[in-house]
Amino acid sequence: MEIFGIWLAAFLTLCIYSFLYRDNPFYRFAEYLFIGISVGYYIVIYIHQGFIPFAWEPFWAAVKPFWPGIPREAGWIGLIKLIPIALGLLFFGGLSPRHTWLIRYPSAVLVGFGSGISIPLMLRTFIFEQTRGTVEPFAAINAGTLSPWGILEAILMLIGVACTLTYFFFSVEHRGPVKWLSKVGIAFLMIGFGAAFGNTVMGRVALLIQRIDFLLNDWIGMIMDWLGSIF
Amino acid sequence: MLDKLMNIDRRIVFILVALAVIIPTKLSVNLPISVSEPTQQLYDYIDNLEADSTIMIAFNYGPAGLPELHPMGRAVLKQCFDKDVRVIGVTLAPDAPTLANTLMEEIAQESGAMAGEDYVFLGYRPGGALVMLGMGTSIAGVFENDYNGTALAEIPIMENITNYDQISLLVDFASGSTTEQWINYANTQYNLQIASGVTGVIIAQMYPFLQTGQLVGLIAGISGAAEYERLIDAPAKGMKWINIESFVHLLIVGLVILGNIAFFIRNRQEE
């Protein structure tokens, strides 16, 4: 079974890489197979991990006491579980153009709930903490505990933050000093994008290396071992 | 000549990149690896934990993130098991459970760690942020069973674990934006210490959190994995692949320089 798996993985890897030469039926086959398997896998996962425990089981628990022949234990209070299930079902209103408006209700609940939880936390995480991080080194400079390199870092960071924010400040026309500050901001942005691009290249090359490592060592290595055992 | 260089067939570049990978793979070249500060910070943090401390590892990646994140996951797990630090594995990615469970079992077997006593894998739960927030109140309220279906109450490692208060660190191996969510919902809300191991694409996004201390350490892509393997003195795929990676980077830098030179010369000629 393991040998079959290695051959299959090697075949599909070569099918995908064949696109580098040009589009061809082997690439299409591997692409469609990948999409099909992914969709099937995710549907099964979401049914077992999402639909059954969070919709079907609560629904059944709520209506079970009212099922003919089953003794009543829970009562009416259990029906409260049907409210979120019904709200979720309203999403299917999108399937009919006449009933699309029904989506507004579950969307409103989701947005309201999400905003209530996220906005205070996001303000702290992404605004207050980051602002503290930008100005805090200056307290260390004042206390004389920061190294010369640390001082340079702190100053550069403050300049970078101020100039980059200036670039995105559109309430004032970018002329004179504002124009120059925003130009410095663009330079900082470009350095950031460059670093992100370099790291992305590193990540993509790692994927290639892993696949070639698999082809050379696992697949061809297995073939060589097999040939070695024959001759 | 210049026109030829500017209109070089992309397939020649693909062949050059393939050769830059295949040749070093066969030559087994070993280039020096220096450890960056964020990687060292995470290593030191785990190294300074007391034995029998518990950390949580979130494996938030699927097969596409495996080449970069599996080597660092392997290295961190090995360090934890060697130091008798207990590990609780979870995932918020639907395509991660099999990968994560196999990895944990593999490293546990190598290190002699016992399932249920030294480590447990709780599996996947949908909900993202809600799972993160829920575990802050009660882990058993979110994960009733582990990946194998054993009730949490019957697992020895979970005996004294109720919520994040008993977790010394959360390490998020992520190929998406989950680290930012962990910081937002677990660090800011519950003061849980967070570290991260991420793919190359999102490394740059993580540095602001390191500077503020919202992340206690960072393993950055395959280079970070190689650094961590060096720190625990267990060379594996990370160190092997980063050597090959260096050759490809040299080729890419060379091609970028060549392309720019040709571009500027042609511009000057046109002027």
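Residues numbered from 1 in each chain as written. Chains lettered and ligands numbered in written order. Predicted model: local features only at pLDDT ≥ 70, side-chain atom pairs only at ≥ 80, totals over all residues.

Turning our attention to the overall build of chain A. Scanning chain A from terminus to terminus reveals six helices and zero strands. Helices and strands appear in chain A in the N-to-C order α-α-α-α-α-α. Taking 17 Å as the expected radius of gyration for a compact globule of 231 residues, we find that chain A reaches 29 Å, considerably beyond that expectation. Over its C-alpha atoms, taken along the principal directions, chain A stretches across nearly 80 × 75 × 45 Å. Residues classed as buried in chain A amount to 4% of the 231 residues present. (Helix = DSSP H or I, 4+ residues; strand = E, 2+ residues; numbered from the N terminus. Rg over C-alpha atoms; globule rule 2.2 N^0.38 Å. Buried ≥ 20, exposed ≤ 12 C-beta atoms within 10 Å, placed from the backbone.)

Residue and element names in this part refer to chain B. One open sheet accounts for six strands, arranged β3-β2-β1-β4-β5-β6; its pairing is parallel. If you trace the sheet from one side to the other, it starts and ends with β3 (119-124) and β6 (218-220), each paired once. Taking each pair of neighbouring strands and ignoring which way they run, the sheet shows an average axis angle of 15°. Bridge analysis of strand β2 (residues 86-91) against β3 gives four bridges, and the strand direction is parallel. (Pairing = 2+ DSSP bridges. Axes fitted to C-alpha atoms, helices over the stretch in contact; angles between N-to-C directions.)

Turning our eyes to something else, we now look at the interface of chain B and chain A. At the junction of the two partners, chain B supplies 34 residues and chain A supplies 32 residues. Its residues assigned to classes, the side of chain B that touches chain A comprises 18 nonpolar, eleven polar and five charged. (Contact = placed C-beta atoms within 7 Å. Nonpolar A, V, L, I, M, F, W, Y, C, P; charged D, E, K, R; others polar.)

With that out of the way, let us pick up the pairing of strand β4 (residues 169-174) of chain B. Residue and element names in this part refer to chain B. In terms of burial, β4 is a largely internal element, six of the six residues being buried. The side-chain alternation of β4 yields two buried faces, one formed by L169, V171 and F173 and the other by L170, D172 and A174. Pairing of strand β1 (residues 54-60) with β4, which is carried by six bridges, proceeds in the parallel orientation. Paired with M56 across the strands is L170, a residue of β4. Here β4 pairs with strand β5 (residues 194-198) via five bridges, running parallel. If you follow A174 over to β5, its bridge partner there is V198. Remark: the β4/helix α8 (residues 178-190)/β5 crossover connection has right-handed handedness. (Right-handed = clockwise from strand over helix to strand, strands pointing away.)

At their nearest, the axes of helix α6 (residues 177-230) of chain A and helix α10 (residues 221-231) of chain B sit 7 Å apart, and the two run at 75° to each other. The angle between the axes of α6 of chain A and α10 of chain B places the two elements in the roughly perpendicular class. Packed against α6 of chain A, whose contacting residues are N199, M202, G203 and A206 of chain A, the element α10 of chain B presents G221, I222 and S223 of chain B at the interface. Residue composition of the contact of α6 of chain A with α10 of chain B, by class: three nonpolar, four polar and no charged. (Parallel < 35°, antiparallel > 145°, perpendicular 65-115°, else oblique.)

The values are spatial; any link to function lies outside them.
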